[in-house]
Amino acid sequence: MSNWVVVGDSVLNVDNIEYIERKNTNSIIVHMGSGKVIELTNTMALALWKYLDGERLKFIDLENPTRDFSGT
């Protein structure tokens, strides 16, 4: 099952994201699993960042990488 984010009239599949660099509040660089690099700006960048921060961001203990702190 895929995770999709709806932003206005656009839909983004977030399952294939490797990592994201936040340049500023209106711009992020998304590195996809396929090797593609995408720059998102304005509403799409803000919506994706908030979604990942609020729903999917996991804090992992480096000494115990299986321990998930996302519930705290």
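A brief structural summary. Because the structure is predicted, anything quoted here is derived from the model rather than measured. (Residues numbered from 1 in each chain as written. Predicted model: local features only at pLDDT ≥ 70, side-chain atom pairs only at ≥ 80, totals over all residues. Heavy atoms only, no water.)

## Section: the side chain of H31
Next, step 1: Within the element layout of this structure, H31 appears in strand β4 (residues 27–32).
Next, step 2: Among the residues examined, H31 registers a relative accessible area of 14% and is labelled buried.
Next, step 3: Not counting residues within four places of it along the chain, the set of residues in contact with H31 comprises I17, E18, Y19, E21, K36 and V37. (Helix = DSSP H or I, 4+ residues; strand = E, 2+ residues; numbered from the N terminus. Buried < 20%, exposed > 50% of the residue type's maximum accessible area, 1.4 Å probe, protein only. Contact = heavy atoms within 4.5 Å.)

## Notes on the sheet that holds β4
Next, step 1: A sheet is described by the order of its strands in space; here three strands give the open sequence β3-β4-β5, paired in antiparallel fashion. Two strands bound the open sheet, and with one partner strand each, they are β3 (17–24) and β5 (37–41). In this sheet, neighbouring strand axes are inclined to one another by 20° on average, regardless of whether the strands run parallel or antiparallel.
Next, step 2: Taken together, the six bridges between β3 and β4 define a ladder with antiparallel strand orientation. Note on β4: the bridge partner recorded for N24 is S27. (Pairing = 2+ DSSP bridges. Axes fitted to C-alpha atoms, helices over the stretch in contact; angles between N-to-C directions.)

## A closer look at the pattern of salt bridges
Next, step 1: Counted by the stated rule, this structure contains one salt bridge.
Next, step 2: Across the pair K23 and E21 runs a salt bridge, and its minimum N-O distance is 3.6 Å. (Salt bridge = Lys/Arg side-chain N within 4 Å of Asp/Glu carboxyl O.)

## Considering the pairing of β5
Next, step 1: Both β4 and β5 contribute to a ladder of five bridges, which runs antiparallel. The residue bridging I28 from the neighbouring strand is L40, located in β5.

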